[in-house]
Amino acid sequence: MQRPRIGHDHAKSAVTFREMRKHGTDRYRRTLGRVYQGEIDVNAEMIKSGMAWVYRKYSTDQSLYPMEAKAKEQTRGLWADPEPVPPWEWRRRKR
């Protein structure tokens, strides 16, 4: 999952969480994992509500893709923007 960063559109969708189930790190040493608030999978909830993208480069959870497609189809959250910019593109443009 990739959520918008500070300064990026939709960045106000911050999440407070209690548990991170780490799956590894990427080449930039960023933590890869799932965030939970109790039994709630925050990653999945953010995808469903249109507050985050599935980070295709690292995601292995195929269940997230239909959630994202449905949020996009229903123009939820960031998908209400006619041209939402994924965080990886936004970071590239800021360099």
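For clarity, every value in this text was computed on a predicted model and none was experimentally measured.

J.: Help me out: how do you make sense of the pairing of strand 1 (residues 19–25) in this one?
T.: Each regular strand carries side chains that alternate between the two faces of the sheet. Note that strand 1 and strand 2 (residues 31–37) share 6 bridges and pair antiparallel. Of the residues in strand 2, the one forming a bridge with R21 is R34. Count of turn residues in the strand 1/strand 2 antiparallel hairpin: 5 residues, of which R29 carries a positive phi of about 70 degrees.

J.: Got a minute to help me understand the sheet that holds strand 1 in this structure?
T.: Two orientations exist for strands paired in a sheet by backbone hydrogen bonds: parallel and antiparallel. An order of 1-2-3 is seen for the 3 strands of this open sheet, with the pairing classed as antiparallel. If you trace the sheet from one side to the other, it starts and ends with strand 1 and strand 3 (40–41), each paired once.

J.: Explain the packing of aromatic side chains here, please?
T.: For any pair of aromatic rings, geometry is given as the distance between the ring centres together with the angle between the planes. For the structure on display, the rule yields 4 aromatic pairs. A ring pair is formed by W53 and W88, whose centres lie 6.4 Å apart and whose planes are at 70 degrees; its orientation type is edge-to-face. Remark: W88 occurs in helix 3 (residues 87–94) and W53 occurs in the loop between helix 1 (42–48) and helix 2 (64–73); sequence separation between them is 35 residues. Given a relative accessible area of 4%, W53 falls into the buried group. Note on W88: relative accessible area 27%, which makes it partly exposed. Seen from their ring centres, Y55 and W88 are 5.1 Å apart, and the 10 degrees between their planes marks the pair as stacked.

J.: Please clarify how the nonpolar core should be interpreted in this entry.
T.: In a soluble, globular protein the nonpolar side chains are often hidden away together inside. Counting residues in each nonpolar core, the largest one holds 8 residues, listed as V35, V42, A44, M46, I47, A52, V54 and L64. Tallying contributions element by element places helix 1 first for this core, with 4 residues.

J.: Explanation requested: helix 3 in the structure shown.
T.: Turn by turn, an α-helix covers 3.6 residues, leaving residues three or four places apart pointing in a common direction. For helix 3, the set of buried residues is P87, W90 and R91. Buried residues in helix 3, looked at end-on, bunch into an arc of 100 degrees, giving them a common side.

J.: Can you help me understand unusual backbone geometry in this one?
T.: Leaving glycine out, the prevailing phi sign among residues is negative, and the prevailing peptide bond configuration is trans. For R29, which is not a glycine, the phi torsion comes out positive at approximately 70 degrees. Examined against the element boundaries, R29 turns out to sit in the loop between strand 1 and strand 2. Of note, the phi angle at T75 is positive, near 45 degrees, even though the residue is not glycine. The residue T75 is located in the loop between helix 2 and helix 3 in this model. Residue T75 is classed as partly exposed on the basis of its relative accessible area, which comes to 46%.

Quick notes on the rules
Residues numbered from 1 in each chain as written. Predicted model: local features only at pLDDT ≥ 70, side-chain atom pairs only at ≥ 80, totals over all residues. Heavy atoms only, no water. Pairing = 2+ DSSP bridges. Helix = DSSP H or I, 4+ residues; strand = E, 2+ residues; numbered from the N terminus. Phe/Tyr/Trp six-rings, centres within 6.5 Å; stacked < 30°, edge-to-face > 60°. Buried < 20%, exposed > 50% of the residue type's maximum accessible area, 1.4 Å probe, protein only. Core = buried A, V, L, I, M, F, W, Y, C linked by side-chain atoms within 4.5 Å. Arc of directions from axis to C-beta.

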